[in-house]
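# Structural features, examined
These are the residues of each chain, in order.
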Amino acid sequence: MPSLAIALERHAPDSDTPLLSPAQLGGLVTVIALLHLTASYSFLLFHTLIEIFRIVVLGGIFVLAWNSRRWSENNFLLILGISAIFVAGLAVLHTLSYKGLDLFPGYDANLPTQLWIAFRYLESASFLFAALSIRRSDSPHGLLAAYTLLTVTLGLAVFAGYFPDCFIEGQGLTDFKVGSEFVIIGLFALSLGVLLARRAHFERSVLALIVGAIVFATLSEFAFTRYIGVFDYANEVGHYLLLVSTYLLYRAMLVTGIAAPFDLLFRHLKQNEAELESKVIERTRALREAQALNAAFLDNSPSVIYLLDTRCRYTLANAAFERMVNRPREQILGRSAFDLWPAEIAAELEHNNRKVLASSKPMQLTELVSAGTDTRLFESVHFPLFDDSGKVVGAGGIATDITERRLADERYGLMIRTSMDAFVLIDSTARILEVNDAACTLSGYSREQLLALSVDDLEAGMDMQGVHATLARVHREGAVRFDSAWRCHNGELRDIEVSIKCLNHIVDPRFFCFIRDITERKRALLRIDYLAHHDVLTGLPNKLLFQQQFEQALAPAAGAPCGCALAYLDLDNFKVVNDTLGHVLGDNLLRQVAGRLQRLLGERDTLCRVSGDEFLLLLGDVSDDAPVRAFAERVLATLAQPINIDGHELSGTASLGLVMYPRDGRDFDTLYKKADTAMFQAKAAGRNTFRFFDEAMHAEALARLHLLAELRGALERDELHVHYQPQVDLATGTLTGAEALLRWQRADGQMIPPSRFIPLAEDSGLIVPIGTWVLREACRQAASWQRQGLPPMVMAVNLSAVQFRRPDLLATVADALAQAGLPATGLELELTESLLIDDAEAALETARRLKGLGLHLSIDDFGTGYSSLSYLKRFAVDKLKIDQSFVREMERDADSATLVRTIVQMAHNLGLKTIAEGVEDASVIEHLHRLECDQAQGYHLARPMPAAAFEAWVSARAAPRETA
């Protein structure tokens, strides 16, 4: 058991309370006041009461110390307690010898004073000895004998007259007595210092009480050095201080040393009782949990579990058993197998159970059990039950339904055998353990031959060390997939994809290998890779591969003084070949051109086909323009030589754009764009030529980009306007229609010519929203003029090639007519000849659907394209618009006049109307009238004008007639 001080330190509830509570302090003051009244009445009674209290306290301390010596390790309490009984004994003698009691005749006041000094010496020395011996473990009987000897010696010395005088009647205290008091004070002070130095051995409140007791005992000694008579005031004060010291010692040793331990013991008992109750509750809960666990295990187990007695009657059945026989537990317990199953099944089960009862040994077997119309396969364990004496008292069984597992195994085996992928089961040494038919087909070996081989005999993608390293990886990671190659029986190598999964076998790991023949897939991937980087038609690198080769070629040239050149080549009029002779012949022409270009290349040159009839050429090791110019001239000369394809003799021309590295740029994209710009300049220069890039081209390209950027927002900024140019009947002079012409006036007032922004709009696709807006605005204006009563007229609107090919063109036209409220007969759509030639069948269908709306169709700029009577007949157009280039030259050029006459006659023969555009003087009007041209428009008649001006022009033409 731990020491008293430590126990109190751990369990005392009032560790932080003051030494004396207010009630205790008040009680002590009250007692002192009563004792003072007693002293005033009888000092002898006062002295006797105080000494008796001290004697009782000291005796109690001895009883505590002596009875706790077997379980307490507190040496301080032991020494102080044993010494207390001897101090109490001398205090008894001191009390009995006090003057007034006359129990010792012949003795004066010197005797009690001598006894006082004797037991105070003994008491102070005991405090010091106890404080010094805290860490020791002294023998109680040894201490008892030592104190007995010391006390008897002191008593004999006093009563035998050997003890020095301490008090003389009439003179007071002797020097020995006063000196002894100071010695005793010193002993108390030393013990106090030692206790404070070793305070860690005491609970805080106990230490404080002991220290208080020593302090008041010391103060009492000072009082006892001052009294003259045994009944004077100093002696009384000293006894008060001694009373307080004794009370504090009582609190420290008796109340804290006896009441607290017994309270602690009581608490321990209550705690033990609570712990015992808690254990009972816990054991009960654990028992219930165990029972619930057992019940849960039985009822939730997927296996059938049952117990039977020696007569093979069921005594326990779990929920799986109930589900199997489709009966509640009440209808199972107490019955036999014959009550639950058909006779044949019951007889087999009964036989197995009785065999276990007879042999007293468990038995494992597979059983077929029918439940209704369903027959299930069970893996069963039958076992005997024994009592404490080892006698068989019944049997039990656990049956697991393995029907699905067995079916799964069969299905798995069937899947493996019939799998189109080869299956190979191998061990950790790569030895083949099992194969399927697909493995035999892939390898060319029979099953018997494969089972005699190892993976090392087939694997061609890695050596034996690699095979075993792969198996180690699979064993570590669980599964691995990789590509390899197999060496077949006929020596052929096949590319394979291998998926391996490791199955931890009881003895040795097994590896499931699924092998797929990917030879054809790899060939296809190689083909795909080739097609991704090459042109299918010519076999040349495509732009992607060419760019990679170009950047590789730039790497060594970057730091070298020489450079290279990039040529952008586009065949002239190749579309004509495709349109007239067909795409097959056109493709053959491209192959011939590619071959001729390849023969012109040097070792460091590269050629690619970009798309259609466009090619890129990289010329390496050129330092100036001269060799590049010479190469371009050779290209043009080579392509100009006739090419015979399928009986057609063709000669091709090309336009080339040339850029120099690093002069014109240091990266492919920059050079490519500049070469493209230079190529367009070559085409603009008349084709069949080449142009080197210069910054003027770049500036023009930038201007086009800037203009395009402004055009993108022109519609939203209301910068686009529709002007209307009148169309007049040449025979009557009446207004027959108006052509809607788009105009762009920027916010700064500058007019942008249509020849500049219309091609931009067509190239960028902006022509679609702009053309739709023009169509709607023209229809709206035409309908508005009809409602205003203007002369009947047809609104002519140009359709671009981009608009014509849009799948929603018909809906767009129909919506524009519907929104404006304009009859379809009031709209004429102008088409170019090229629209009708390109993809003629699709164009024909679109034209028929437009005609189906009831509107008019005309051919714009007729005579400048590939005019053909066939498309005029097929497309059922209403009007031919003679190009202004022929009209303007009629007076000066006989050929132009002849051409215009021919067009008019041809149109009339086909039942078509004609309209001449670009009429700028009266003589042309007369000439057209003589040729019987139907209509005309041009600056001589009226310029294109805004709607308001057009209305004013119409009104001005009508006014003279009205006047007339």
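Residues numbered from 1 in each chain as written. Predicted model: local features only at pLDDT ≥ 70, side-chain atom pairs only at ≥ 80, totals over all residues. Heavy atoms only, no water.

Our focus in this paragraph is the overall build of the chain. The helix and strand tally for the chain stands at 34 helices and 28 strands. Looking at the chain as a whole, 47% of its 964 residues are labelled buried. Within the chain, residue pairs in contact and separated by at least 24 positions form 62% of the contacts whose partners lie at least 6 positions apart. Carbon and sulfur atoms make up 57% of the accessible area of the chain, which amounts to about 48,700 Å² in all. (Helix = DSSP H or I, 4+ residues; strand = E, 2+ residues; numbered from the N terminus. Buried < 20%, exposed > 50% of the residue type's maximum accessible area, 1.4 Å probe, protein only. Contact = heavy atoms within 4.5 Å. Areas by Shrake-Rupley, 256 points an atom, 1.4 Å probe, with all protein chains shown as cover.)

Okay, the packing of helix 5 (residues 110-132) against helix 8 (residues 204-224) next. Between helix 5 and helix 8, the shortest axis-to-axis distance is 12 Å and the interhelical angle comes to 150 degrees. Classed by the angle they form, the pair helix 5 and helix 8 counts as roughly antiparallel. Our pair here, helix 5 against helix 8, has a crossing hand that is left-handed. Between helix 5 and helix 8, the residues in contact are W116, R120 and F127 and I210, I214, A217, S220, E221 and F224, respectively. (Axes fitted to C-alpha atoms, helices over the stretch in contact; angles between N-to-C directions. Parallel < 35°, antiparallel > 145°, perpendicular 65-115°, else oblique. Left-handed = near helix turned anticlockwise from the far one by under 90°.)

Glancing now at a nonpolar patch on the surface. A cluster of nonpolar side chains, F182, V215, L219 and F222, forms an exposed patch at the surface whose accessible area comes to about 330 Å². The leading source of residues in the nonpolar patch is helix 8, at three residues. (Patch = residues over 30% accessible without salt bridge, like charges linked within 9 Å, V, L, I, M, F, W, Y side chains within 5 Å. Salt bridge = Lys/Arg side-chain N within 4 Å of Asp/Glu carboxyl O.)

Quick look at the nonpolar core now. Core analysis: the biggest nonpolar cluster contains 80 residues, and L829, L880 and L928 have the highest contact counts within it. Here this core gets ten residues from one element, more than from any other, and that element is helix 25 (residues 767-788). Excluding residues within four positions of it along the chain, L829 makes contact with L775, V797, L799, V813, L850, L855, H856, L857 and S858. (Core = buried A, V, L, I, M, F, W, Y, C linked by side-chain atoms within 4.5 Å.)

This structure, assessed with the given rule, holds 32 salt bridges. A salt bridge links R609 to D535, with the nearest nitrogen and oxygen atoms 3.0 Å apart. With R609 in strand 14 (residues 606-611) and D535 in the loop between helix 17 (519-533) and helix 18 (543-557), the pair connects residues that are 74 residues apart, well separated along the chain. The two residues R609 and D535 agree in class, both being buried. Across the pair R892 and E889 runs a salt bridge whose closest N-O atoms are separated by 3.4 Å. For R892, a relative accessible area of 63% gives the class exposed. Exposure remark for E889: the relative accessible area of 31% places this residue in the partly exposed category.

Moving on, we come to the pairing of strand 23 (residues 794-798). Judged from the four bridges that link them, strand 21 (residues 735-745) and strand 23 form a sheet pairing that is parallel. Its bridge partner lying in strand 23, E739 is registered against A796. In the sheet, strand 23 pairs with strand 24 (residues 827-832) via four bridges, with the strands oriented parallel. Bridging from a neighbouring strand, M795 pairs with L827 of strand 24. (Pairing = 2+ DSSP bridges.)

Further remarks concern helix 6 (residues 140-159). With 20 residues, helix 6 ought to run about 28 Å at 1.5 Å a step, and its terminal C-alpha atoms sit 28 Å apart, in line with that. Of the positions making up helix 6, those classed as buried are P140, L143, Y147, T151, L154, G155, A157 and V158. Mapping the buried residues of helix 6 onto a view down its axis gives an arc of 160 degrees, with all of them on the same face. Along helix 6, exposed side chains directed more than 90 degrees from the buried face belong to H141, L149 and L156. Against the buried residues of helix 6 lie helix 3 (43-67), helix 4 (75-96) and helix 5. Positive phi shows up at G161, right after helix 6, with a value of about 90 degrees. (Expected span 1.5 Å × (residues − 1). Arc of directions from axis to C-beta.)

Now for the packing of helix 25 against helix 27 (residues 809-820). Running from N to C, helix 25 and helix 27 point in directions that differ by 30 degrees, and their axes come no closer than 8 Å. The way helix 25 lies across helix 27 gives a crossing that is right-handed. Of the residues in helix 27, those touching helix 25 at T772, L775, R776, C779, R780, A783 and R787 are T812, V813, A816, L817, Q819 and A820.

Moving on to helix 21 (residues 625-640). Counted at 1.5 Å a residue, the expected span for helix 21 with its 16 residues is 22 Å, and the 22 Å between its end C-alpha atoms agrees. Check the buried side of helix 21 and you find it contacts strand 13 (563-571), helix 20 (583-599), strand 15 (614-622), strand 18 (654-661) and strand 19 (690-692). One side-chain oxygen of the residue at the start of helix 21 lies 3.1 Å from the amide nitrogen of A626, identifying that residue as D624. (Polar contact = N/O pair within 3.5 Å; in protein donor to acceptor, adjacent residues only side chain to side chain.)

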